[in-house]
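Here is how the chains run, residue by residue.
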Amino acid sequence: MGREKHANISIFVPHLGCPRQCSFCDQRAITGQAQSPPTPEDVWSAARRGAETLGPRREQAEIAFFGGSFTAIDQAYMLALLTAAKAAVERWGFRGVRCSTRPDAIDPQILAVLKAHRVTAVELGAQSMDNQVLRANRRGHTAAQTREAAERIRQAGLELGLQMMTGLYASTPEKDLATAQGLIALGPATVRVYPAIVLPNTGLARLYQTGQYRPQTLEQAVDLCAALLDLFEGAGVRVIRMGLHPSPAVEASRLAGPYHPAFRQLAESRRFLLRLTQSLKPHGPGRCTVAVHPRHVSTALGQGRENLQKLQAFGWQVQFVQDASLEPGSWRIDR
């Protein structure tokens, strides 16, 4: 359950480059931004602040362009932002530049431009590998285009990141699990998983309000994402984000859907509970002590001590204790 800390100096370019508004999308609410698009000066200033804050850790950090379809924005504007980011990488020694974009906005010419400006990682907003789900949510690209773009990125020597959403309109848990398997087959280094949230003035909002769309409950999303953590990490893919970033704008405007400011913690705690339950079954109900690494006590207990309550409902009276000699993520059962 341990994971490498991933640092970004994030620059948001909401809606820029997007050829359509997908069913789920309200970038201003998601990013919490309503101001003008970022300028090269904004990129330089953010990089300078990031360098001061991160100190030596900046060597593992990336300047990251998120929020829109970066490679589909006006080319002169994209080059201006990239030029500032490249200069910042060379000035402060960041690992490189990361950007997110659409699968249908990648070609050899674009990749050459990105590589020339110190881009080291490209994330594709795949969202689903089911063409019916993609059409229903107005994505405007196909699963085949995701596969083609992913192959081009890897062949260019860039790190591939993929993004998926769970609980979209016309999807099912089975389709979401199949999407995860499809993404793993593309050989990504990283993945982000976002449960679909219903925001005002979106296609999902209209479908929800007319009863055509039923979003995942928080419990359903946590169960599914616990399984996705196992799938991705078992395949050697780092899950660098699970759930939307904590956002007052999303909390205030959300109509429905499984938003939680500590969503990943919920999924990791649920995964721990499922694994521990399997280990406890041979022992039968009763009292026991479970030792865990100190870093994982909160994961073991669950939010609000939820895991203890669930274990008690299953017939196990469990006391968690700390043992720093254990590997992070492992445990020991003592009767």
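See the structure shown above.
Residues numbered from 1 in each chain as written. Predicted model: local features only at pLDDT ≥ 70, side-chain atom pairs only at ≥ 80, totals over all residues. Heavy atoms only, no water.

## Quick look at the sheet that holds strand β9 (residues 316-322)
And step 1. The strand order β9-β8-β10 describes an open sheet built from three strands, whose pairing is mixed. Each of the sheet's edge strands pairs with one partner strand only, and the pair in question is β9 and β10 (331-334). Neighbour-to-neighbour, the strand axes of the sheet open up by a mean angle of 25°, direction not taken into account.
And step 2. With respect to the sheet, helix α11 (residues 263-280) is in contact with β8 (286-292), β9 and β10, its orientation differing from that of β10 by roughly 40°. (Pairing = 2+ DSSP bridges. Helix = DSSP H or I, 4+ residues; strand = E, 2+ residues; numbered from the N terminus. Axes fitted to C-alpha atoms, helices over the stretch in contact; angles between N-to-C directions. Contact = heavy atoms within 4.5 Å.)

## Quick word on unusual backbone geometry
And step 1. At R118, a residue that is not glycine, the phi angle is positive and equals roughly 70°.
And step 2. Relative to the helices and strands, R118 resides in the loop between α4 (108-116) and β4 (119-127).
And step 3. Within the chain, A170 stands out as a residue other than glycine whose phi angle is a positive 75°.
And step 4. With respect to the helices and strands, A170 occurs in the loop between β5 (159-166) and α7 (173-184).
And step 5. A relative accessible area of 28% places A170 in the partly exposed class. (Buried < 20%, exposed > 50% of the residue type's maximum accessible area, 1.4 Å probe, protein only.)

## Side note on the pattern of salt bridges
And step 1. Tallied over the full model, the rule gives 22 salt bridges.
And step 2. As a salt-bridge pair, D104 and R102 come within 2.9 Å of each other at their nearest N and O atoms.
And step 3. For R102, a relative accessible area of 4% corresponds to the buried category.
And step 4. A salt bridge links R270 to E219; its shortest N-O distance comes to 3.3 Å. Of the two residues, R270 sits in helix α11 while E219 sits in helix α9 (residues 218-234), which places them 51 residues apart along the sequence.
And step 5. One continuous salt-bridge network, built from bridges that share partners, spans E62, R95, R98, E123, E159 and R192. (Salt bridge = Lys/Arg side-chain N within 4 Å of Asp/Glu carboxyl O.)

## Some points on the state of the cysteines
And step 1. Here the structure, examined in full by the defined rule, presents zero disulfides.
And step 2. Residue C22 stays outside any disulfide, its sulfur separated by 6.2 Å from that of C25, the closest cysteine.
And step 3. In this structure C22 comes out as buried when scored by relative accessible area, which is 6%. (Disulfide = S-S within 2.5 Å.)

## Some details on the environment of I240
And step 1. Among the secondary structure elements, I240 is positioned in strand β7 (residues 238-242).
And step 2. Sequence spacing of I240 and L168 is 72 residues, and the spatial spacing of their C-alpha atoms is 21 Å.

## Some details on the sheet that holds β4
Where strands meet in a sheet, backbone hydrogen bonds hold them as pairs that are either parallel or antiparallel.
And step 1. Taken together, the seven strands give an open sheet; going across it, the order is β1-β2-β3-β4-β5-β6-β7, and neighbouring strands pair in parallel fashion. Each having just a single partner strand, β1 (8-12) and β7 make up the two edges of the open sheet. With strand direction ignored, the average angle separating the axes of adjacent strands in the sheet is 20°.
And step 2. Direction of pairing for strand β2 (residues 62-66) relative to strand β3 (residues 96-101): parallel, over a ladder of four bridges. Its bridge partner lying in β3, F65 is registered against C99.
And step 3. Contacts between helix α6 (residues 143-155) and the sheet are confined to β4 and β5, with β4 contributing the most and set at about 170° to the helix.
And step 4. Strands β4, β5 and β6 (190-195) of the sheet are contacted by α7, whose axis makes an angle of about 175° with β5.

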